[in-house]
There are 2 protein chains.
Amino acid sequence: MATGSNPLVSDRNIDFLLYEVLDVERLCAYPWFSDHDRGTFGLYLQSARRFARDVLFPTYKPTDENPPEFRDGRMHVPEPLHRVVPGMVDLGVINATRPADVGGQQLPVVVAGLASAYLMAGNLSAYCYHGLTAGAAHLIEAFGSDWLRQEFMRRMYDGTWTGTMALTEPQAGSSLADIKTRATPAADGTYRIQGSKIFISGGDHDLTENIVHLTLGRIEGAPAGVKGISLFAVPRLRPEGDGLVFNDVHTAGAVHKIGWKGLPSLVLSFGEEGDCRGWLVGEPNRGLAYMFQMMNEARIMVGMNGASTASVAYYESLQYAQTRTQGRPLTAKDPAQPPVPLIEHADVRRMLLRQKAIVEGAFAVLATASLQADLAAHAPDEAARVRARLLLDLLTPVAKSFPAEFGFESNALAVQIHGGYGYSSEYLPEAWLRDQKLNSIHEGTTGIQSMDLLGRKVVAEGGAALRILGDEIRAVAARARAAGVDAAWSDAVEHAFDEAASLTMHLGALGMQGDAEAMMRHSVDYLMLFSVLVVGWQWLLQAAVAAEGLKLRAHDEDFYRGKLKAAQYWMATEIPRVRELAERCRRGDDSFSGMRPAWF
Amino acid sequence: MATGSNPLVSDRNIDFLLYEVLDVERLCAYPWFSDHDRGTFGLYLQSARRFARDVLFPTYKPTDENPPEFRDGRMHVPEPLHRVVPGMVDLGVINATRPADVGGQQLPVVVAGLASAYLMAGNLSAYCYHGLTAGAAHLIEAFGSDWLRQEFMRRMYDGTWTGTMALTEPQAGSSLADIKTRATPAADGTYRIQGSKIFISGGDHDLTENIVHLTLGRIEGAPAGVKGISLFAVPRLRPEGDGLVFNDVHTAGAVHKIGWKGLPSLVLSFGEEGDCRGWLVGEPNRGLAYMFQMMNEARIMVGMNGASTASVAYYESLQYAQTRTQGRPLTAKDPAQPPVPLIEHADVRRMLLRQKAIVEGAFAVLATASLQADLAAHAPDEAARVRARLLLDLLTPVAKSFPAEFGFESNALAVQIHGGYGYSSEYLPEAWLRDQKLNSIHEGTTGIQSMDLLGRKVVAEGGAALRILGDEIRAVAARARAAGVDAAWSDAVEHAFDEAASLTMHLGALGMQGDAEAMMRHSVDYLMLFSVLVVGWQWLLQAAVAAEGLKLRAHDEDFYRGKLKAAQYWMATEIPRVRELAERCRRGDDSFSGMRPAWF
């Protein structure tokens, strides 16, 4: 990377993933993407890059330092966001992947997603108003009535209104089974909504004229638990006559988040005056199933948030390490010699390469998962669609939690490289460290992702998804061997997969025998193991493509050598952990599960 | 732990370490400690506990939210600190371990250190004014002239003045060889000091009438590098006639630290007007050697900061997990049943037990290291003193960096357990997470600690310290076997030691062959491996004592069972990592060291 201003995300790496690793141009052969080619992808990417670097990034620090304020019952958003949030609409980010008939561009999710990484890295909060709106509008597009599509979705996709997802309630937290928000059928076909929601991102602001909350609630008489949850579109202002009237949606308070400062997280109160109308989306009691569409998209988005937040910090610390001089090499301590740049110290290079391996590993997993979303929706062949859906479902918990957990470590390394300066708010890395911490919590904690992976995804359809992953890994290993990549790396990744597969059978058998607790006890260890493996697969693939590229494009040698070194790092440092983690899961140590509350 | 207010640090655990694990009462048989017994230790501990809980802890959040302000060239400290910082002096914290003839109580370092943990957990910044003063005054006590002891040290020990350590300069960072501050001999026997220092904690404030900066500088004509550094006492106000006059020490600016908000970190400028006088401490050009006394004490103190910061957060998340209800057990999902406390979920218990293992493991290492400081100074037998000094030196990099690195993870788990609430500044865990991050940076970064351990400590005197550790570990393993602790645990810790020792020989041989880079390449991995081993040794010891205690004190069963479970956790989860880390160090993977700057 050239020194200079922070690139946020590496163009060369994104192009490498799109065109060399994933060959996304092949999507253009499908009817759905027939208006696209590398040229249209490039235009979209370029506009996102430019906006992120020139417009968004300069607003990041002012946004972090000057969050929206709660005044007179409303959230007031400070100036720079009033400029850049509406400004971003023109890029087409809200409905980039949606069909032309709803105003979208029918771009592949993989292209739009990687373009959004620049915007997230530039100003995460600013982007996420649109990210949330996209998910909410897509729910209406998929399951809503024509009236809702016309009145609500259209205005959300065109940026006139924003959207939120309103799931969490103060008493229930992650336990959606305990949602209490009530919906009472009214004579006009709508429902009267009454209840309280918390941690609603973008739940109020003065950036647009209206906000639509995609809200989970219970219709009177519905079954208890998750089977009695319905989905409603609840606008802050409702259409009445020619205008909009207040819909009894109150902002009851703001949570003082430690990061994502530009995007308020709110307590909302619906129906305090008995006059809050909600429009049912889809069928009664199927709300959670619908919401999973948004949650699954949101999980990939959170993964992208995490990778982007780690990326911008990585480049900041890389630039710092290239320019800040300090100390001398281990073997040349003569104080008369000038000090060297930090990057000359092996341990600083270790921290930088670890960041690179995490950041680029995360983007590779996210790009691969996103490509599966495109294939699952648009591949002409049904078997290919089914296969892609299984792989996407399998990868989603990894794509969500790996950037959050490893990204947090990566962000801490960016602080560490900055030394005492990194510990100050005069420098940016500490702000990104704060931003990153949310990603292991929202949209399903890491613990919840681990239960989704082990309890559902790897055992679904008799382990079909795991077999697909195995096939992918073996194909990549063969390609790497053919490209001249160190055969030990291919062996190691294949062996790690075999260990994971054998462990999965062992744990699955415990579940079949009725001991779900033993099966799930080490689910987070399992998720970490699985993440290391999946990222190892992606690094092996990148190494294969880099080795091929070295022969074809010698002028790009620096880039490919860096890829091979990062892959080497992953094989040497992370892949060997799979064995240790697998043994840990298999032994099933009961120290914590057997720990009684009184013993702490 | 009983629910209720946060205990900051567990009394039962501290008493366990002092009296059951380390038997510190035996120190009272030495002449130096002859005025002490468990009663006097208890009184000192009790006053620290009470002050920490009743007075300090309520000021933590106000201090975090309302840091000192830079106004008219001075730092102005807000109210609560004006009350509690001087209030703490009466506990005797500044010179608790110092001799009676300088006003101290001659308490063991291990007792005073564990008492200070309560104060650090209560309000880290408030305590550290005194921690820094103690280290600075001790330097004058050890190396200063009678005049300096009378005029400076005495006032620092009695709390009238405070002290700082002024090492770091803006251009030099961790590289003390590049210190530029100049000292010019003057006719009056003092020196004229000129230079700039940065990150000076407590470098200015309005809590006391004066501040003495123990400052590293170069006397004109001194050799380049670390061999030309001298130590000076440079007061903000200097004694002249009957009063104090300004000594040309200016506060040039404040660093906006992200934690430790009550303790300002400053840029100081000495001698802008050519009238800054410094008093030489000890001999010229020996400053760094002297400063190492303070730095070594400070490293143990930083370890204690880290353990305390992890401790208070652990208890906060434990209480939260005991009281907050959410969700249902894996095997009882009936939504008609009431939700259970978070602690009933296995993964929450995993996070809590991991915190407990880290916090109590860190305190055990710190207590053991501190006891060595007492033995090294006061054991009647010279061989015992030498042995203790070697062990203390060996343990110091672990005692400094383990609480910082693992503590940061532990603090992040406390945030995670609080879920979305943990991500808000309405709750305390996020503040402790910020506080913790400094501990891997100041007083020698984790990278510097790793070079100290591998490059100096384990190879010193032909590996003498490592052999002592081996003897200690074998003795503990035998004791644990005799107490009926699972023999596999003793085997595992002994085996981990053998792996570490064999690796050390291998790496040492590389160094002897002249390949220092290969020897030191994985020094941070080595430090992590060594830390896991040392903490494993301490957990095995605690398990042995707990197993013995179970037979003797059945009423304390809950406490001992918890100790055994935490030990089990460490054996199952961390000790197996030693093998993997040792293999990593031995393989000597050169991915990062071979990475060229242009390849990133």
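Scroll up to find the structure this text is about.
Model, not experiment: these values are computed from the prediction.

Participant: Please explain the relation of the copies chain B and chain A as it appears in this structure.
Facilitator: Two chain copies here: they are related by a rotation about an axis and a translation along the same axis. With an RMSD of 0.0 Å, the fit of chain B onto chain A corresponds to turning through 180° and sliding 0.0 Å along the axis. Taken together, the rotation and translation relating the two chain copies correspond to the operation of a two-fold axis. Proximity to the rotation axis, assessed at the C-alpha, singles out Glu580 of chain B in chain B; its C-alpha lies 3.7 Å from the axis. Most of the interface of chain B is mirrored in chain A: 100% of its interface residues are interface residues there too.

Participant: What's the story with the interface of chain B and chain A in this structure? I'm lost.
Facilitator: Size of an interface, as often reported, equals the accessible area lost when the parts are brought together. Counting residues at the interface gives 94 residues for chain B and 94 residues for chain A. Carbon and sulfur atoms supply 61% of the area that chain B and chain A bury against each other, a total of about 7900 Å² over both sides. Applying the counting rule to chain B against chain A returns six salt bridges. Here Arg328 of chain B ties to Asp178 of chain A by a salt bridge, and the two come within 2.4 Å at their closest N and O atoms. Our count for the chain B to chain A interface comes out at 35 residue pairs in polar contact (both at pLDDT 80 or more). If you tally residues by element for the side of chain B that touches chain A, the top one is helix H18 (residues 557–573) of chain B, at eight residues. Of the residues that constitute the side of chain B that touches chain A, the class distribution is 41 nonpolar, 27 polar and 26 charged.

Participant: Honestly, the side chain of Thr133 of chain B in this entry has me stumped. Any pointers?
Facilitator: Inspection of the secondary structure puts Thr133 of chain B in helix H6 (residues 124–143). The residues contacting Thr133 of chain B, other than those within four sequence positions of it, are Ile94, Met156, Trp161, Thr162 and Gly163 of chain B.

Participant: What am I meant to see in unusual backbone geometry here?
Facilitator: Phi is mostly negative for residues that are not glycine, and the peptide bonds are mostly trans. All names here are of chain A. Here Leu8, not a glycine, exhibits a phi torsion of approximately 75°, which is positive. Topologically, Leu8 is positioned in the segment before helix H1 (11–21). By relative accessible area, Leu8 is classed as buried at 0%.

Participant: Would you mind showing me how to read the pairing of strand S9 (residues 243–246) of chain B here?
Facilitator: Within a regular strand, the side chains alternate between the two sheet faces. Residues and elements named next belong to chain B. In the sheet, strand S8 (residues 237–240) pairs with S9 via four bridges, with the strands oriented antiparallel. Residue pairing across strands places Arg238 opposite Val245, the latter belonging to S9. What sits between S8 and S9 in their antiparallel hairpin is a turn of two residues, with Gly241 showing a positive phi close to 60°.

Participant: Sorry, what's going on with the pairing of strand S5 (residues 191–201) of chain B here?
Facilitator: Residue and element names in this part refer to chain B. As paired elements, strand S4 (residues 182–185) and S5 share four bridges and run antiparallel to each other. Residue pairing across strands places Thr184 opposite Arg192, the latter belonging to S5. Pairing of S5 with strand S12 (residues 277–280), which is carried by two bridges, proceeds in the antiparallel orientation. The residue of S12 that forms the bridge with Tyr191 is Gly278. Relative to strand S11 (residues 265–270), S5 runs antiparallel, the two sharing five bridges. Paired with Ser196 across the strands is Ser269, a residue of S11.

Conventions adopted
- Residues numbered from 1 in each chain as written.
- Chains lettered and ligands numbered in written order.
- Predicted model: local features only at pLDDT ≥ 70, side-chain atom pairs only at ≥ 80, totals over all residues.
- Heavy atoms only, no water.
- Least-squares fit on C-alpha atoms with pLDDT ≥ 70 in both.
- Contact = heavy atoms within 4.5 Å.
- Buried area = accessible area lost by both parts, 1.4 Å probe.
- Salt bridge = Lys/Arg side-chain N within 4 Å of Asp/Glu carboxyl O.
- Polar contact = N/O pair within 3.5 Å; in protein donor to acceptor, adjacent residues only side chain to side chain.
- Helix = DSSP H or I, 4+ residues; strand = E, 2+ residues; numbered from the N terminus.
- Nonpolar A, V, L, I, M, F, W, Y, C, P; charged D, E, K, R; others polar.
- Buried < 20%, exposed > 50% of the residue type's maximum accessible area, 1.4 Å probe, protein only.
- Pairing = 2+ DSSP bridges.

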